Amino acid sequence: MKINPENFIVNEKLFLNYKSFFISGNDESYIFALKDILVKKFLKKGFVKKNLIDKAAMAPDLFKIKNKYIYVCEKYIDDGLVEEIEKNQDVLIFCEKTSTKNKPIKQFFSKAKSRALLECYELDKSRKKNILNGFIKRSGLVFENSTYWFLLDLLDNRFAILNKELEKISLLNNKNDTAELASALIGDQSADANKFFFKIQL
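What comes next is a walk through the structure. (Residues numbered from 1 in each chain as written. Predicted model: local features only at pLDDT ≥ 70, side-chain atom pairs only at ≥ 80, totals over all residues. Heavy atoms only, no water.)

Turning our attention to the overall build of the protein chain. Of regular secondary structure, the protein chain possesses eight helices and six strands. Of the regular secondary structure in the protein chain, the N- to C-terminal order runs β-α-β-α-β-β-α-β-α-β-α-α-α-α. Within the protein chain, buried positions represent 45% of all 202 residues. Considering only intrachain contacts with a sequence separation of at least 6, the fraction spanning at least 24 residues in the protein chain is 63%. (Helix = DSSP H or I, 4+ residues; strand = E, 2+ residues; numbered from the N terminus. Buried < 20%, exposed > 50% of the residue type's maximum accessible area, 1.4 Å probe, protein only. Contact = heavy atoms within 4.5 Å.)

Here we take up empty space enclosed by the protein. The tally for this structure, following the rule as stated, stands at one cavity of 30 Å³ or more. What the largest cavity holds in volume is close to 50 Å³. Forming the walls of the largest cavity are Leu-52, Cys-73, Lys-75, Tyr-76, Ile-77, Asp-78, Leu-81, Val-82, Ile-85 and Leu-92. With three residues, the top contributor of residues to the lining of the largest cavity is helix H3 (residues 79–87). Its residues placed into classes, the lining of the largest cavity shows eight nonpolar, no polar and two charged. (1 Å grid on protein atoms, 1.4 Å probe; cavity = no way out; pocket = protein on both sides within 12 Å on 5 of 7 lines; lining within 4 Å. Points joined across faces, edges and corners; volume = space filled by probe spheres on them. Nonpolar A, V, L, I, M, F, W, Y, C, P; charged D, E, K, R; others polar.)

This part is about the side chain of Lys-128. Its location among the elements puts Lys-128 in helix H5 (residues 125–139). Within the structure, the side chain of Lys-128 is placed 2.7 Å from the backbone oxygen of Leu-155, a separation counted as a polar contact. Other than its neighbours up to four places away in sequence, Lys-128 contacts Leu-123, Leu-152, Asp-153, Leu-155, Asp-156, Asn-157 and Leu-162. (Polar contact = N/O pair within 3.5 Å; in protein donor to acceptor, adjacent residues only side chain to side chain.)

What follows covers the packing of aromatic side chains. Where two aromatic rings form a pair, the distance of their centres and the angle of their planes describe that pair. Tallied over the full model, the rule gives 14 aromatic pairs. Arranged with centres 5.9 Å apart and planes meeting at 75°, the rings of Phe-8 and Phe-21 form a pair that is edge-to-face. Taken together, the positions of Phe-8 in helix H1 (residues 6–10) and Phe-21 in strand S2 (residues 20–25) put the pair 13 residues apart, joining distant regions of the chain. A ring pair is formed by Phe-108 and Phe-109, whose centres lie 5.7 Å apart and whose planes are at 80°; its orientation type is edge-to-face. Both residues of the pair, Phe-108 and Phe-109, belong to the buried class. Grouping aromatic residues by their ring pairs yields a cluster made of Phe-8, Phe-15, Tyr-18, Phe-21, Phe-42 and Phe-47. A cation over a ring is seen here: Lys-50 above Tyr-69, with NZ or CZ 4.5 Å from the ring centre. (Phe/Tyr/Trp six-rings, centres within 6.5 Å; stacked < 30°, edge-to-face > 60°. Lys NZ or Arg CZ within 6 Å of the ring centre and 35° of its normal.)

Packed helix pairs are characterised by how far apart their axes lie and by the angle those axes make with each other. Where H5 contacts helix H6 (residues 145–154), the two axes come as close as 10 Å, and the packing angle between them is 125°. Classed by the angle they form, the pair H5 and H6 counts as oblique. By crossing handedness, the relation of H5 to H6 is classed as right-handed. The residues of H6 that touch H5, namely those facing Lys-125, Lys-128, Lys-129, Leu-132, Asn-133 and Ile-136, are Tyr-148, Trp-149, Leu-151, Leu-152 and Asp-153. For the contact of H5 with H6, the class distribution of residues is six nonpolar, one polar and four charged. (Axes fitted to C-alpha atoms, helices over the stretch in contact; angles between N-to-C directions. Parallel < 35°, antiparallel > 145°, perpendicular 65-115°, else oblique. Left-handed = near helix turned anticlockwise from the far one by under 90°.)

Printed below as a string of structure tokens:
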């Protein structure tokens, strides 16, 4: 099923409704950030993370311990393996930028209600608004109307950077002070972007 990735950021429990995830799109920083968010959520639910390179990674534990696994793979193996993982009550997260080669994989994920196809692109104003509203609700914040719209325009269109900006906002003493907001975000936007994309290249 194709779902807006922002829904998983705003809705804390939505991820539990799905058995496998294909994170794609053209915003690589968003893809990796969303993958990390989902992995952390499953780890909190008691899942054990495994990097899936081939079917051998699915071998049972030597000590007969029945764990619930979250398999993370950056190279798709086949549809049958996804179904096997789902049958075992485990979870799969597969990440890959959009290409003509992965169109059949997208179709496989979009046609089943138990699978989530998440396509990550640069955020438009509507998607930024959803994320900002979710942040405000989770944090119990109250913004003046003029400050809210100022902040929405100020936030970066790239999710990975926007997410860091929201973390900075949560630390401010006066969150309704537009001068303080601008000082915290504008000066660091280019530096944060360079640091993040340098990290992606490593």
